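# Summary of the model geometry
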Amino acid sequence: MAWPGGRKFIGGLVLAALAFLVLAGPASAAGRCGNQAERPWCNTNLSPEKRAGLLIAAMTPEQRTSMLGGDDTKALASPDYTGIADGIPELGIPPLLMADGPVGIRVGNSTAMPSSMALGATFNPRLARRYGAVLGAETRGKGNDMLFGPNVDIMRTPLAGRSFENFGEDPFLTSALAVPYINGVQSKGVIATVKHFIGNNQEGWAGEDADRAVPGASPAGLVKEGSRNYVDARIGERAMREIYMPPFEAAIRKADPGAVMCAYNKVNTEYACENKGLLDGRLRKQLGFKGMIVADYLAIYDTAKAVKAGLDMEPWPGIVLGVSRLNQAIQSGELTQADIDLRARQYLTTLFRYGLFDRAAYVRDEEKIDWTGHDKVAREVGAQSLTLLKNDGLLPLKKSAGQSVALIGPGATRVIKGGGSSGVIERKFTSPAETFTARLGAANVTVLDGSDHAAAVAAARNSDVAIVLAANYMTEFVDRRCLSLECPPAYGDQDALIRQVAAANPKTVVVLETGAPVLTPWRGKVAALISAWYPGQSPGPVLADMLYGRTDPSGRLPVTFPRRESQIPLAGQRSLYPGINNVLGYGDGVNVGYRSYRHRAKTPAYFFGFGLSYTKFKAERLERVKARHGEFARLRIRIRNSGRRSGYAVPQLYLRLSRSGRGAFAPIRLVGFAKVRLKPGERKYVSFGLSRRDLSVYRPGLGKWVLATRCPRISFGWSSKEIHVGTTLGAPGRCRR
């Protein structure tokens, strides 16, 4: 029987029923807050700010003070969370459970996602949202409310220990991926925490002692210079506005994260978490951030300065902003109760805004987590992150009966991942050895860890194809001392291993499972080179599918690979890295990453944005079209797959400044990109909307953004090097095209 009016009629009944429930009695929160008749702050019809104000008024001074510090000093060892604020049940204030997790949830066994750098290599914002959704769902499924991620720090030097947690060296790419990542996390009802605000671009230099920074070893005590805990990052205003702040700005204005985590380091003489100009000034007033500001663990020292600066909470260990220290600050006159109430109000407002009061507590129930679906996302990220840097025609491999393969190196059987707060314990792992053996047959696959070079050479010589899976180890707490595969020597002399294997078998493929760029001095001796980053829990099927042509290598470099150590940005300039007497200069200004190579006229091994495909693409007809609302200009270009296979094209747009107009500005910068799949012979138009801000530079003397030139020059390319066609934007008749 059909209802009269169909869905509209049913919708009307539902709305009428809801209206009856609202009008029939006091509006009560559906979660842990309680009934508004007894607790007026539980009225869900009020704004979060109003509700927080009513709650603050009902709390004792001691209760308000208790909101600022975490409540478990042993949280790091907890199997259920990495931070907790207990809440106050008698007032309906829920606990807040927090988890590490930019690349996977560090609570029990979780889906080990490919690293953030790998996500950067996908150049795929849609995939970034799915990535974030996986993390949000697992955070929730493990009973937690808040995720410490994403990490949107810019990779200023590839030596930095946490580079694998970054999206790369470019603020535009980082911003484009961070926003959907956050949206994905928060779509699951979990608060995302954007970190680390700001200038946390190194962990500290350890010299020769860094050799002890290997998997399973404690890095404590290794750092000798430029420690993140003490270094003073002296960042100029132009670099701050153009390089380091944009990812935070995009995250806050486009994704509305519930929290921002302040960094360990000092910024322009004051610790970031005690820096009023940063927290209250830049973050709240300039960027309009409305959520809570939380400290990184052990990142604050002065109770009064942190509170007055705008810090809302110390998640762990909850001592510097603990009740005892806060009361001492009040008694000494350094703080007033009003100062503390302001921070408690901000914390509670955030919990109201993101629904913690008005829902049931998340219960740890891992059986309800879609592990299979999450593994598919991890595999898709891994597949789209594989970046083919060299191919002398060997790939894709042609599968044939009896074909023999030698898998050599640590990545053949081991999980390759970073350490520190991203040291996820994988729930499952499918190694290349396992996958290749299953697909080719045990008799056709030789597996060696590479520790015995003579055995590896013999295996390579006796196999049709040799695949060397080289790796490095990067971790929070300490930077690498160089960019070779032997820094640190966690996996032996892999550079020598690659040379020897390549000499024994001309059909040698090198797969780099590294957190960031490494040196490739043997690249001219191998037939193919692939960057697989830290590939997560399914490197076997992802790599096999790509090597045998089931998937197209569609990754593009989110970072630049230097040709030699001396090319690394900041190399040989101790004042810029690791700093002198813990003062870290940012004299490189806006010339970071590929901009630095262009500025210094250095030719790296592989440029930012570069990556090969199994097919070929051509760009046709870059043209200006009608701009949409809010855009300064809109361009479109027609991309054609001129090859014989389906594949992903990754067109990129760059703003270029003429030599006479560069001054202190970067000579080139990314302002647009897309990722589009094309069948053989297929053509598609790809459009790019450009804002005035995209084409502007920040002039500190004027205190505002201005167009880089009167007639900005926009160029299309397949990387930051391969610039093909361009156009000039500006008022009609004033600019040559």
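Refer to the structure above for everything that follows.
So, a few notes on the structure that sits alongside this text. Since we're looking at a predicted model, the values are computed, not measured. (Residues numbered from 1 in each chain as written. Predicted model: local features only at pLDDT ≥ 70, side-chain atom pairs only at ≥ 80, totals over all residues. Heavy atoms only, no water.)

Turning our attention to the state of the cysteines. A complete count under the given rule lists 3 disulfides for this structure. What pairs with C33 in a disulfide is C42, and their sulfur atoms sit 2.0 Å apart. Taking the torsion about the S-S bond as the criterion, the C33 to C42 disulfide, at about -85 degrees, is left-handed. C42 gets classed as buried once you look at its relative accessible area, which sits at 0%. Each sulfur in the disulfide pair C262 and C273 lies 2.0 Å from the other. Of note, the bridge from C262 to C273 carries an S-S torsion of about 110 degrees and is right-handed in sense. (Disulfide = S-S within 2.5 Å. Buried < 20%, exposed > 50% of the residue type's maximum accessible area, 1.4 Å probe, protein only.)

One open sheet accounts for 3 strands, arranged β19-β20-β25; its pairing is antiparallel. Of all strands in the sheet, those bounded by a partner on one side alone are β19 (617-625) and β25 (683-690). Averaged over all pairs of adjacent strands, the angle between their axes in this sheet comes to 20 degrees, without regard to strand direction. Sheet topology note: the strand β20 (residues 633-641)/β25 ladder contains 8 bridges and is antiparallel. Directly across from I637, in β25, lies its bridge partner V686. (Pairing = 2+ DSSP bridges. Helix = DSSP H or I, 4+ residues; strand = E, 2+ residues; numbered from the N terminus. Axes fitted to C-alpha atoms, helices over the stretch in contact; angles between N-to-C directions.)

Bridging between strand β26 (residues 696-699) and strand β27 (residues 704-707) involves 4 bridges; their strand directions are antiparallel. Across the sheet, the residue bridging to S696 is L707, located in β27. Counted between consecutive antiparallel strands, the loop separating β26 from β27 contains 4 residues, among which G703 sits at a positive phi close to 70 degrees.

Under the definition given, this model contains 39 salt bridges. Of the charged contacts in the structure, one is a salt bridge between K417 and E426, with a shortest N-O distance of 3.2 Å. When salt bridges that share partners are traced, they join R162, E165, E203, R228 and E476 into one network. (Salt bridge = Lys/Arg side-chain N within 4 Å of Asp/Glu carboxyl O.)

Attention shifts here to unusual backbone geometry. Here the amide bond leading from F197 into I198 is cis, since omega sits at 5 degrees, within 30 degrees of zero. The omega angle of the peptide bond from Y577 to P578 is 0 degrees, so this bond is cis rather than trans. Of note in this structure, D256 is not a glycine but carries a positive phi near 55 degrees. Structurally, D256 is set in the loop between α8 (246-255) and β7 (259-262). For D256, a relative accessible area of 34% gives the class partly exposed. Positive phi is not limited to glycine here, since L570 has a value of about 80 degrees. Considering the arrangement of structural elements, one finds L570 in the loop between α17 (539-547) and β18 (583-585). Overall, L570 belongs to the buried group, its relative accessible area being 7%.

Quick look at empty space enclosed by the protein now. Over the atoms, a rolling probe the size of a water molecule traces out where space has been left empty. As enumerated under the stated definition, the model contains 7 cavities of 30 Å³ or more in all. Taken as a whole, the largest cavity holds about 110 Å³ of empty space. Among the residues forming the lining of the largest cavity, the class breakdown is 9 nonpolar, 4 polar and 1 charged. (1 Å grid on protein atoms, 1.4 Å probe; cavity = no way out; pocket = protein on both sides within 12 Å on 5 of 7 lines; lining within 4 Å. Points joined across faces, edges and corners; volume = space filled by probe spheres on them. Nonpolar A, V, L, I, M, F, W, Y, C, P; charged D, E, K, R; others polar.)

Before going further, it helps to examine the pairing of strand β12 (residues 405-408). Burial along β12 is two-sided: V405 and L407 facing one way and A406 and I408 facing the other are all buried. Direction of pairing for β12 relative to strand β15 (residues 465-471): parallel, over a ladder of 4 bridges. Residue pairing across strands places L407 opposite I467, the latter belonging to β15. Two elements, β12 and strand β14 (residues 445-448), share 4 bridges in a ladder whose sense is parallel. Each bridged residue has a counterpart across the sheet, and for A406 the counterpart in β14 is T446.

Most of α8 is tucked away, with 8 of its 10 residues classed as buried. For α8, every residue scored as buried is listed here: P246, P247, F248, E249, A250, A251, I252 and A255. Looking at the buried residues of α8, the elements they touch are α6 (171-186), β5 (191-197), α7 (237-244), β7 and α9 (276-286). Backbone geometry just after α8 places D256 at a positive phi near 55 degrees. (Contact = heavy atoms within 4.5 Å.)

Here the largest pocket is characterised by a volume of approximately 1,000 Å³. What lines the largest pocket is a set of 32 residues, among which F172, S175, A176, K254 and F673 lie closest to the centre. Among the elements of the structure, α5 (125-141), α6, α8 and β23 (668-673) are those that each provide at least two residues to the lining of the largest pocket. Broken down by element, the lining of the largest pocket gets its largest block of residues, 6 residues, from α6. Of the residues that constitute the lining of the largest pocket, the class distribution is 16 nonpolar, 5 polar and 11 charged. Quantified by volume, the second largest pocket comes out at close to 420 Å³. R228, Y264, Y297, E476 and F477 are the residues nearest the centre of the second largest pocket, which is lined by 22 residues in total. A per-class count over the lining of the second largest pocket returns 10 nonpolar, 4 polar and 8 charged.

Keep in mind these numbers describe shape, not what the thing actually does.
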